[in-house]
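Here are the chains, one letter per residue:
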Amino acid sequence: MDATKPMPLPPQSGPDRPEPASAEPLSLVERAVRTLKHGDAFAVLDSHGDAGIVPGTPEGLFFRDTRYLSRFELLIQGKRPQLLSSVLQDDNAALVVDLTNGEVDPENRFGLPSNVIALDRTKFIWNDACFERIAFHNFDTRARSFHLGIRFDADFRDLFEVRGTPRARRGRRSQRVVGPDAVEFVYGGLDGTTRTTRLTFSPAPARLALGEAEFVVALEPGGRGAIFVTADFSDGQRTSRPNFLTAYREKRRDMRAKTAGIATVASSNDLFNEVCVRATTDLYTLMTRTPYGLYPYAGIPWFSTVFGRDGLITAMLLLWVDPTIARGVLDFLAATQATERDEAADAEPGKILHERRLGEMAALGEVPFRRYYGTIDATPLFVMLAGMYLQRTGDKAAIAALWPHVEAALRWCDEFGDRDGDGFVEYFRENANGLVNQGWKDSHDSIFHADGSDARGPIALVEVQAYVFAAKRHAAHLAEVLGHHRRADVLRAEAEVLRRRFEDAFWCEDLGIYALALDGAKRPCRVRTSNAGHALFAGIAAPARARRVAEALMGQEAFSGWGIRTLASDEARFNPMSYHNGSVWPHDNALIALGFARYGFKDKATAVFEAMFEAATYQESRRLPELFCGFLRHRRRGPTAYPVACSPQAWAAATPFAFLAASAGLDIDHAANEIRFIQPELPDFLDEVTLRGIRLGGAQITLQMRRHGADVTMALLHREGDVNLVMSK
């Protein structure tokens, strides 16, 4: 490479003149978004591998809820290259983009005829840095020289600011060239934290200025070359960085280590295999190492952090595949369980964390999510998962360590959760800036009466009572195992009282379904929603009523053809394009399908499984998103995308494994030393499924299921250790 005449620099915004934040971030479906993640860093890129070309998008490189790089653009001869292909590697390790040049004054020294220079970008995140190799290859029959330019900027906007939350003040930003090969952006936050982005180039560019690096490349016919760029992020002391190849090897090793002991799925359907492979790589990309084990961060871009509810449900859906996730989630949430009242954080003793944020706005209290406890369901779900984990693993030592946290969670349910003493757990936000609705449907308009009027709190949600019932049943078993027999008897009795009161208060005979909620006056919200299906998942529903709920949820008003809607189409607030009032959520459907299977409605569980698989086949990379719109299914077209759905999303990625478990009737019981398949069925798109490496204690099995019409046969292919395989019709 050699230097030539510099190109003009783009205009820069100074530290006291930041670019204005967009009030409404651009829809994620308007651009072909590519995402990368490792640890607390993630990237949202366009299909070229660039970020920030179009103002107002959520693109950029983020670290601990702050955007550390807001613009990164590759140019050849001052123009954007032409895109040939853009794919994530199968294991999500890196984004690989193939580009070529357009025509630029081909007779001049620095001109180019079109399509003679191939550009190959490989980009990935490892720890708190983004690594990129920009390789180039001259396919012309003559030597070619050209300019490569990289434009960049760092706005250090908080994630909530990127989402559209306005701020009155910001800290100061500065930037400087720190050597022939490096430039640095520094942001002094109002929270007292100094955040730094450092860009390092190898080889050193011919010219490096604030906002642009310029390289001059000379290639012989068939010649090759490469430029390496590292963007590293720090909110404290900088550490040394490995080079591109070392970091890339470590990234691949890390993914192999995370997935080394998991169960895997292979089938006769290549598309379903693609769905499972993508789901696995997405899940273990979102899995983040913490001092307590792996924790599934909820989703990219908006929720790449710890969420209590999301982590708990994801762990539940994955229990048969990888029970170590449940252990990591339980231990993290036990360590962050609230121990005192804090109205600003909606915290009370025993309550389980809803959300943790590490950005400037959370640190300053501009948003209440530094450690936020405004969720009504994470606490009983925590107890449920502890019970499910023991049944799956028999890990009594872990349960003994968790028992004080389980007891604290149960006390919260009985005291703070049931503030009026009626036996139901309700929510009412303490912080005016917190969430109005605190169940999984936490949008402001999701809880209402049949006439469309808002339900006034405190609100007792149908699924929360079901979770509390299941929590007390599971806790009773934990107590028995730990020798607390009197406590176990009390918990079983309390669960039975709750079950009876639940049936009396929530059942709507004329609707054939449980009410969405009870409002503050104990009036039922007589609205048909998917929430009622969670009563089947948790096991609180009476069998005859469970059948009617299943029929209602599979009726034409609730079932779109792609899945069960969050709200039936003839209800007052139905809107298929809304977040919670008519959309379709894969994880919601998975929990309902597990509930169907629990009560023996295998045909319905399998129908939901089939609909969701077919929805996945229409998605890019066969990836199920957080949600999609609830429009009625039409022939020869896929489901309609929701404009700002996270993708990947942890609990959506976990659903293929949950659907398969529901259909196959898979149940693992450590105490009985059994891996059971209860009334197994397979959907029509699966003729054969092989489940490899299902572990129970120190043993494991590999088996194959085959469908013969409505029947399923099973063959044990491999067994290590002492474990019983049981199949019941």
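Scroll up to find the structure this text is about.
How each quantity is defined
- Residues numbered from 1 in each chain as written.
- Predicted model: local features only at pLDDT ≥ 70, side-chain atom pairs only at ≥ 80, totals over all residues.
- Heavy atoms only, no water.
- Helix = DSSP H or I, 4+ residues; strand = E, 2+ residues; numbered from the N terminus.
- Expected span 1.5 Å × (residues − 1).
- Buried < 20%, exposed > 50% of the residue type's maximum accessible area, 1.4 Å probe, protein only.
- Salt bridge = Lys/Arg side-chain N within 4 Å of Asp/Glu carboxyl O.
- Pairing = 2+ DSSP bridges.
- Axes fitted to C-alpha atoms, helices over the stretch in contact; angles between N-to-C directions.

Trainee: Lay out helix H14 (residues 602-617) with the relevant residues and their values.
Mentor: In this model H14 runs 23 Å from its N-terminal to its C-terminal C-alpha over 16 residues, within 8% of the 22 Å that 1.5 Å per residue would give. Most of H14 is tucked away: 13 of the 16 residues are buried.

Trainee: Please set out the pattern of salt bridges residue by residue, giving values where relevant.
Mentor: If you walk through the whole model with that rule in mind, you get 63 salt bridges. As a salt-bridge pair, Arg207 and Glu212 come within 3.3 Å of each other at their nearest N and O atoms. Accessibility assignment for this pair places Arg207 and Glu212 in one class, buried. Because the salt bridges share partners, they merge into one network encompassing Arg67, Asp155, Arg157, Glu161, Arg167, Arg170, Glu360 and Glu366.

Trainee: Tell me about the sheet that holds strand S17 (residues 264-267), residues and numbers included.
Mentor: One open sheet holds the four strands; their spatial order is S17-S28-S29-S30, and the pairing between them is antiparallel. Among the strands making up the open sheet, the edge pair consists of S17 and strand S30 (711-720). Neighbour-to-neighbour, the strand axes of this sheet turn through a mean angle of 20 degrees, independent of strand direction. As paired elements, S17 and strand S28 (residues 688-696) share four bridges and run antiparallel to each other. Within the sheet, the bridge partner assigned to Ala266 lies in S28 and is Thr690.

Trainee: Go over unusual backbone geometry, please, and point to the residues and values.
Mentor: Cis geometry marks the peptide bond from Ser202 to Pro203, where omega comes out at 0 degrees. Mapped onto the elements, Pro203 comes out in the loop between strand S13 (194-202) and strand S14 (207-209). Cis geometry is found at the peptide bond from Ile300 to Pro301, where omega equals 10 degrees. With respect to the helices and strands, Pro301 occurs in the loop between strand S19 (293-296) and helix H4 (308-317). One non-glycine residue, Arg636, lies in positive phi territory at about 65 degrees. You can see Arg636 is positioned in the loop between H14 and helix H15 (650-653). Take Arg636: its relative accessible area is 70%, and that puts it in the exposed class. Phi at Gln679 is positive, roughly 45 degrees, even though this residue is not glycine. Within the secondary structure layout, Gln679 lies in the loop between strand S27 (674-678) and S28. According to the relative accessible area criterion, Gln679 is partly exposed, its value standing at 35%.

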